[in-house]
Amino acid sequence: MSTTIELGVQGMTCASCVGRVERGLNKVEGVERASVNLATERATVTYDPAVTTPQALLDKVKDVGYEPVVSTLDLGVQGMTCASCVGRVERALRRVDGVLNASVNLATERSTVTYLPSSASPGQLKAAIRGAGYDVLEEQAGLSREDQEREARAREVEHLRGQVLFSTLFAVPLLLLAMLPMVIPGAEHWLMSTFGEGVMTILTWVMLALAVPIQFGPGRRFYRLGWKSLTNRSPDMNALVMIGTSAAFLYSLVATVAPGIFPEGTAHVYYEASGVVITLILLGKYFEAIAKGRSSEAMKTLLSLQAKTARVVRSGQELELPTDEVLVGDVISVRPGEKIPVDGEVVSGNSFVDESMITGEPVPVNKQAGAPVVGGTINQNGALAFRATRIGADTALAQIIKLVETAQGSKPPIQGLADRVVAVFVPVVLGIAALTFLLWLFLGGQSALSFALITTVAVLIIACPCAMGLATPTSIMVGTGKAAELGVLFKGGDALEGLQDVQVVAVDKTGTLTKGRPELTDLVTAAGFDRITVLQLVAAAEEQSEHPIARAIVDAAKREDIAVVTPESFEAVPGYGLEARVDGQLVQVGADRYMTRLGVDVTAFALQAERLGDEGKSPLYAAIGGQLAAIIAVADPIKDGSAAAVGALHRMGLKVAMITGDNQRTANAIARQLGIDEILAEVLPSGKSDAVKALQAKGQKVAFVGDGINDAPALAQADVGVAIGTGTDVAVETADVILMSGDLRGVPNAFALSRATLRNIKLNLFWAFAYNIVLIPVAAGALYPTFGVLLSPVLAAAAMGFSSVFVLTNALRLRGFRPPVQLDTLPVHTHSSRPAHS
């Protein structure tokens, strides 16, 4: 059967464009007819869904040079209780014409739908969710989506709390009455001899009276949701509970009202197996809802960073405005202790700003005129005025929140196993329950019917897919939230899992291992010369030059508060160095060949020159008044945390490779200092991706670490791309993992957190599967022939609730993750000419 959809197509300008799109679509196998309208910018395509897919049609539109119109919608879904619910909502959404993909997350209770707006509408998507038996969290005016979700979760917790308390009020006496004869030997005989044989009948009716409010009060939710799942031919946990408790209740009701239809001595009642089971399941759901709320603590923390108001200076007056009314270019005043509301650039004032919640760096950063500030950070001890440069969704914090939300809602590849099992799990359980009932009915002897009922109910109750559905998303949710606290952003679950397979970490040298800007690293003076005087004269001589080496020497002098004067004369000597006259003194600076040309003997610094060469530095010499005055080295210094980062990666069993454009000798020197395993030197900027390919050609999975700006091709080529950015540059499209601080120590922390999260997921999945594999046979009575043990439905309900709570509390352990490398000794990045102090 063929189907017809409409595709929005952008970029068409004339009839030729229309023809190109039509021809392209008609060439796709399975397309029967394609018609394109330039005025409406839509393509109507009739195709065979058994042969091709809407995604293939979109790819073809892109191939011929135009942009298909695709939308993404996030919807809150209420009422989901287990992995079967997730599958049902996803199937309902995917059945809507025009939906390309639908992903539902049980932990966040959200669905992300990618669809064609020309073929589907948000209303249709919401109707599909409601048609599957669930509610959609509608947006309310004046409340953010996060606030609405928080309120909805609080209402759910409070509602469950009320239901648990109501059920417990009836379940406790019900359980006591049912267990009394078993707990106290002779109790039944004493009651009958004291009050007559009719007392047991009265107690049975009392138990019925206690069971009815539970079964048709709080238990009604299982009927409502379970029946809906059965009518949709997608039975879930609610259906299992509904069938199991109803069987126990109805059997007991018949045994109470018409005991004569049962063989002598077999008219037993199991009201506690329905009432107490419902109570315990609700209690498990209550604990589960509380734990779900805790699993999103990191997101709450991020959201709480957003300032509600800003003090905007307009027409010379300070106005307190909501942050969503701030405009780009507005000047905003921030007092000590206040949050910086949006991103901007300081125009006046001096203060230290705590950026740890954004970058993960614990040391406050000095801010002066010209320095960037990030919304959500805390101004500490001075007043600042800054000009807004990014507002709303463009701010760094908004981008971080979006990335974390995307990661939390994503599914890593490991989730595929759970999804495939869950797809057939409940139908298989129903089949096992039916088989259990029949086997006990035929093999159970005199009490066959009782045995059949108890074991069948136990199987239905204990076999719950809740733990399977929560195993992966809760760990991903907590793990990615914890990562954000540490300044690590995973773009999705596949990036989190992808780090597990990496064997080699390839690191770009400049700006990643090193600071990325030359600095004066060595200045050793000859006898008779003072270091400060030499630096002052050399800096003055270099002051006229724009060469990076000259800038490094001048900056070093300024950092030491040395006045840099303008030279009286200056002359560059191409290929050799420079000559200047400063305060009447002749100053000559250059390589050893320049000194030889000048007739200045440099052998006095032979040892120092050899040492500098071994360190990969090229020595320069300074002569003052024709006399050798100093040996100088300017280099791109290694970042403070690079050695610790490389060491931590080695301890994790990873190899570290360095990719650099430096010559082999310089690269070898840096590699020796850091303990790098493999060196790819003299690589042109355009050849970094080829260097990554060379590492991959050895059969190794490679993670590439770069600055995210110049390294886009290499980041894209790597199996996992890790971008080291800053707190203000987080939207790095080609990277899979983003480190918000510029410190390489974030890389081993990202690996460690990835491993911890995957271990957590695997433990959760093991528990969820093992729990069912082991306990379903026990519930079916497998131990009875040998050990005489039957699993009570009450214990089955307790075990089922415990399985979900176990998975959630295990995931919450990730909140206590401690990074292997602490970012507690980071240097302060300052925008002033003086060293910063905190």
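All values reported here derive from a predicted model rather than from experimental measurement.

### What to know about the sheet that holds strand S6 (residues 99-105)
Part 1: Pairing within the open sheet is antiparallel, and its 4 strands lie in the order S6-S7-S5-S8. The open sheet has two free edges, formed respectively by S6 and strand S8 (135-137), since each of these has just one partner strand. Shown here is a sheet whose adjacent strand axes are inclined to one another by a mean of 35 degrees, direction ignored.
Part 2: Pairing between strand S5 (residues 71-78) and strand S7 (residues 110-115): 6 bridges, direction antiparallel. In the strand pairing of S7, Leu-73 is matched with Val-113.
Part 3: Its contacts with the sheet put helix H3 (residues 83-94) on S5, S6 and S7, and the angle it makes with S6 is roughly 160 degrees.
Part 4: Here helix H4 (residues 122-131) sits on the sheet and contacts S5, S6, S7 and S8; the angle it forms with S5, its principal contact strand, is near 30 degrees.

### What about empty space enclosed by the protein?
Part 1: Under the criterion given, the structure shown has 1 cavity of 30 Å³ or more.
Part 2: The wall of the largest cavity is formed by 18 residues, among which Val-104, Lys-411, Gln-415, Gly-469 and Pro-473 lie closest to the centre.
Part 3: Contributions of two or more residues to the lining of the largest cavity are made by H3, S6, helix H14 (415-443) and helix H16 (466-485).
Part 4: Its residues placed into classes, the lining of the largest cavity shows 9 nonpolar, 7 polar and 2 charged.

### A closer look at the nonpolar core
Side chains that are nonpolar tend, in soluble globular proteins, to be buried together.
Part 1: Ranked by size, the top nonpolar core spans 139 residues in total, and within it Phe-490, Val-737 and Phe-751 carry the most contacts.
Part 2: Considering each element in turn, this core owes the most residues, 15 residues, to helix H27 (residues 746-779).
Part 3: If we skip the residues at most four places from it in the chain, Phe-751 touches Leu-499, Val-502, Val-505, Leu-649, Met-652, Leu-654 and Ala-703.
Part 4: In this structure, Ile-400, Leu-489, Ile-659 and Met-740 belong to the second largest nonpolar core, which totals 29 residues.

### Details of the pattern of salt bridges
When their charged atoms lie close together, side chains carrying opposite charge are able to pair.
Part 1: This structure, assessed with the given rule, holds 16 salt bridges.
Part 2: Here Arg-161 ties to Glu-158 by a salt bridge, and the two come within 3.5 Å at their closest N and O atoms. Here Arg-161 and its partner Glu-158 are both found in helix H5 (residues 145-183), 3 residues apart, which amounts to about one turn of the helix.
Part 3: A salt bridge links Arg-390 to Asp-343, with the shortest nitrogen-to-oxygen separation between them at 3.5 Å. In this pair, Arg-390 sits in strand S17 (residues 384-390) while Asp-343 sits in strand S12 (residues 343-349), placing the two residues 47 residues apart along the sequence.
Part 4: Residue Arg-390 is classed as partly exposed on the basis of its relative accessible area, which comes to 26%.
Part 5: Residue classification places Asp-343 among the buried residues on the basis of a relative accessible area of 2%.
Part 6: The network of salt bridges with shared partners includes Arg-311, Glu-318, Arg-335 and Glu-338.

### With respect to a nonpolar patch on the surface
Part 1: Together, Leu-435, Leu-438, Leu-439, Leu-441, Phe-442, Leu-443 and Leu-449 make up an exposed nonpolar region whose accessible area comes to about 710 Å².
Part 2: Per element, the largest residue contribution to the nonpolar patch is 6 residues, and it comes from H14.
Part 3: Position of Leu-441 relative to the elements: it lies in helix H14.
Part 4: Residue classification places Leu-441 among the partly exposed residues on the basis of a relative accessible area of 34%.

### Digging into the side chain of Asn-772
Part 1: With respect to the helices and strands, the residue Asn-772 is situated in helix H27.
Part 2: A distance of 2.8 Å separates a polar atom in the side chain of Asn-772 from the backbone oxygen of Ala-768.

### Some details on the environment of Gly-616
Part 1: On the secondary structure map, Gly-616 appears in the loop between helix H22 (606-614) and strand S24 (619-624).
Part 2: For the pair Gly-616 and Asn-668, spaced 52 residues apart in sequence, the C-alpha separation works out to 7.5 Å.
Part 3: Each residue touching Gly-616, except ones within four places of it in the same chain, is listed here: Thr-666 and Ala-669.

### Thoughts on the UniProt feature "transmembrane region" (unreviewed entry) in the protein chain
Part 1: This chain's UniProt record puts "transmembrane region" (unreviewed entry) on residues 164-184, 190-216, 237-262, 268-287, 421-443, 449-472, 765-784 and 790-812.
Part 2: Regarding residues 268-287, the helix share stands at 85% and the strand share at 0%, and the terminal C-alpha atoms are separated by 33 Å.
Part 3: Across residues 790-812 one finds 87% helix and 0% strand; the C-alpha atoms that close the span lie 34 Å apart.

### Focus: the pairing of strand S21 (residues 569-573)
Part 1: Taken together, the 5 bridges between S21 and strand S22 (residues 577-582) define a ladder with antiparallel strand orientation. Within S22, the position partnered with Val-573 by the bridge is Gly-577.
Part 2: Two successive antiparallel strands, S21 and S22, enclose a turn made up of 3 residues, where Gly-575 displays a positive phi of approximately 85 degrees.

### Some thoughts on the side chain of Ser-475
Part 1: With respect to the element layout, Ser-475 can be found in helix H16.
Part 2: Of the polar contacts made by the side chain of Ser-475, one reaches the side chain of Asn-760; its length is 2.6 Å.
Part 3: Dropping the residues within four chain positions of it, Ser-475 is found in contact with Thr-757, Asn-760, Ile-761, Asn-764, Ala-811 and Leu-814.

### Notes on the packing of aromatic side chains
The relation between two aromatic rings is expressed through the spacing of the ring centres and the mutual angle of the planes.
Part 1: As enumerated under the stated definition, the model contains 13 aromatic pairs in all.
Part 2: Between Phe-216 and Tyr-223 the ring centres are 6.1 Å apart and the planes differ by 20 degrees, which places this aromatic pair in the stacked class.
Part 3: With relative accessibility at 24%, the residue Tyr-223 sits in the partly exposed group.
Part 4: On the numbers, 5.8 Å between centres and 40 degrees between planes, the contact of Tyr-286 with Phe-287 is tilted.
Part 5: With a relative accessible area of 16%, Tyr-286 lands in the buried category.
Part 6: An aromatic cluster of three or more residues is present, and its members are Phe-216, Tyr-223, Phe-249 and Tyr-271.
Part 7: The ring of Phe-222 has Arg-221 lying over it, and the distance from NZ or CZ to the ring centre is 5.8 Å.
Part 8: When the ring centre of Tyr-576 is taken as reference, the NZ or CZ atom of Arg-593 above it lies at 5.9 Å.

Definitions and limits used
- Residues numbered from 1 in each chain as written.
- Predicted model: local features only at pLDDT ≥ 70, side-chain atom pairs only at ≥ 80, totals over all residues.
- Heavy atoms only, no water.
- Pairing = 2+ DSSP bridges.
- Helix = DSSP H or I, 4+ residues; strand = E, 2+ residues; numbered from the N terminus.
- Axes fitted to C-alpha atoms, helices over the stretch in contact; angles between N-to-C directions.
- Contact = heavy atoms within 4.5 Å.
- 1 Å grid on protein atoms, 1.4 Å probe; cavity = no way out; pocket = protein on both sides within 12 Å on 5 of 7 lines; lining within 4 Å.
- Points joined across faces, edges and corners; volume = space filled by probe spheres on them.
- Nonpolar A, V, L, I, M, F, W, Y, C, P; charged D, E, K, R; others polar.
- Core = buried A, V, L, I, M, F, W, Y, C linked by side-chain atoms within 4.5 Å.
- Buried < 20%, exposed > 50% of the residue type's maximum accessible area, 1.4 Å probe, protein only.
- Salt bridge = Lys/Arg side-chain N within 4 Å of Asp/Glu carboxyl O.
- Patch = residues over 30% accessible without salt bridge, like charges linked within 9 Å, V, L, I, M, F, W, Y side chains within 5 Å.
- Areas by Shrake-Rupley, 256 points an atom, 1.4 Å probe, with all protein chains shown as cover.
- Polar contact = N/O pair within 3.5 Å; in protein donor to acceptor, adjacent residues only side chain to side chain.
- UniProt positions renumbered as here; feature names shortened; annotations may be inferred.
- Phe/Tyr/Trp six-rings, centres within 6.5 Å; stacked < 30°, edge-to-face > 60°.
- Lys NZ or Arg CZ within 6 Å of the ring centre and 35° of its normal.

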